[in-house]
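# A look at the structure
Each chain, letter by letter, is given below.
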Amino acid sequence: MDYDWLDDFLEDVDANAEIWQLDYIDKLLRSASIDEDEKNKIEYDSSNYTQKEAAVTISYLKQNQVFTDPRDKWKFYNKL
């Protein structure tokens, strides 16, 4: 079988961020423990992110979350 279309798709690292990535960034921004100016910059720039930039931003925001549920906080710190 010919998988050229799949190779082309996977090699497209400059593709725009997917909708789910942008939605997830917006969700994570609400509970991130970062400066408001940085939040505003991420929110403004996110519409122009590539998939790779969105993945890096998601990882960064996940590392800087404020836990509202003590169980989540306990799970996070006990898996380190």
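The coordinates are above.
Read on for an overview of the structure. Since we're looking at a predicted model, the values are computed, not measured.

Basis of the calculations
Residues numbered from 1 in each chain as written. Predicted model: local features only at pLDDT ≥ 70, side-chain atom pairs only at ≥ 80, totals over all residues. Heavy atoms only, no water. Helix = DSSP H or I, 4+ residues; strand = E, 2+ residues; numbered from the N terminus. Buried < 20%, exposed > 50% of the residue type's maximum accessible area, 1.4 Å probe, protein only. Contact = heavy atoms within 4.5 Å. Core = buried A, V, L, I, M, F, W, Y, C linked by side-chain atoms within 4.5 Å.

The next point concerns the overall build of the protein. Counting its regular elements, the protein contains five helices and zero strands. Going from N to C terminus, the protein has its helices and strands arranged as α-α-α-α-α. Across the 80 residues in the protein, those meeting the buried criterion constitute 24%. Across the protein, the fraction of contacts at a sequence separation of at least 24, relative to all contacts at a separation of at least 6, is 73%.

Residues Ala17, Leu22, Ile25, Leu28, Leu29, Ala32, Ile34, Ile42, Tyr49, Ala54, Ile58 and Leu61 constitute the largest nonpolar core, which totals 12 residues. Those elements that provide at least two residues to this core are helix 2 (19-30) and helix 4 (51-63). Of all the elements, helix 2 adds the most residues to this core, at four residues. Those residues in contact with Leu61 that lie beyond four places of it in its chain are Ile25, Leu28, Leu29, Ala32, Ile34 and Ile42.

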